[in-house]
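# Geometric and topological summary
Given next are the chains, with one letter for each unit.
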Amino acid sequence: MGLRYRRALLLTELGEATELALPALRRTAPALERLVVVARMPAGSLPFLSAGAPTDLHRIADEALTRLREEAAAAAAEAEVMLATSLDLEALDSLAAERGIELVATASMPLG
């Protein structure tokens, strides 16, 4: 019997298509109990999610975040989506340890 991953971490860019990454993750870990998604946004773009942001930019960011939450929820019994302006390896290591992550996956983004 192979490995049974129950907790996974997916690294992606907010707004990036996950239609390849999430099905691959579900095939690799069909009994996934928890999925933590860290979506990177450019450093200056977090204000786009605030109520004071220009309407069109706020709507685009909000729709991307909502879509990512829905996709993550469909992939695991429990899903958590977090935003980050950078992907610091020490912070990701700490997050993985805190959440008991057994599998780390990336969408089509490079690390660094």
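Use the structure listed above.
So, a few notes on the structure that sits alongside this text. (Residues numbered from 1 in each chain as written. Predicted model: local features only at pLDDT ≥ 70, side-chain atom pairs only at ≥ 80, totals over all residues. Heavy atoms only, no water.)

Here we take up helix α3 (residues 89-99). What α3 keeps buried is the set Leu-92, Leu-95 and Ala-96. The buried residues of α3 occupy an angular sector of 100° when the element is viewed end-on, so they sit on one face. Facing away from the buried side of α3, by more than 90 degrees, are the exposed residues Glu-90, Asp-93, Ala-97 and Glu-98. At its buried positions, α3 is contacted by β1 (7-13), β2 (34-40) and β3 (78-84). Where α3 terminates, the next one or two residues include Gly-100, which has phi positive at roughly 65°. (Buried < 20%, exposed > 50% of the residue type's maximum accessible area, 1.4 Å probe, protein only. Helix = DSSP H or I, 4+ residues; strand = E, 2+ residues; numbered from the N terminus. Arc of directions from axis to C-beta. Contact = heavy atoms within 4.5 Å.)

All right, on to the sheet that holds strand β4 (residues 103-106) then. Strand order across the open sheet formed by four strands is β3-β2-β1-β4, with parallel pairing between neighbours. Each edge of the open sheet is held by one strand with a lone partner, namely β3 and β4. On average, adjacent strands in this sheet sit at an angle of 20° to one another, irrespective of strand direction. Pairing between β1 and β4: four bridges, direction parallel. Each bridged residue has a counterpart across the sheet, and for Ala-8 the counterpart in β4 is Leu-103. (Pairing = 2+ DSSP bridges. Axes fitted to C-alpha atoms, helices over the stretch in contact; angles between N-to-C directions.)

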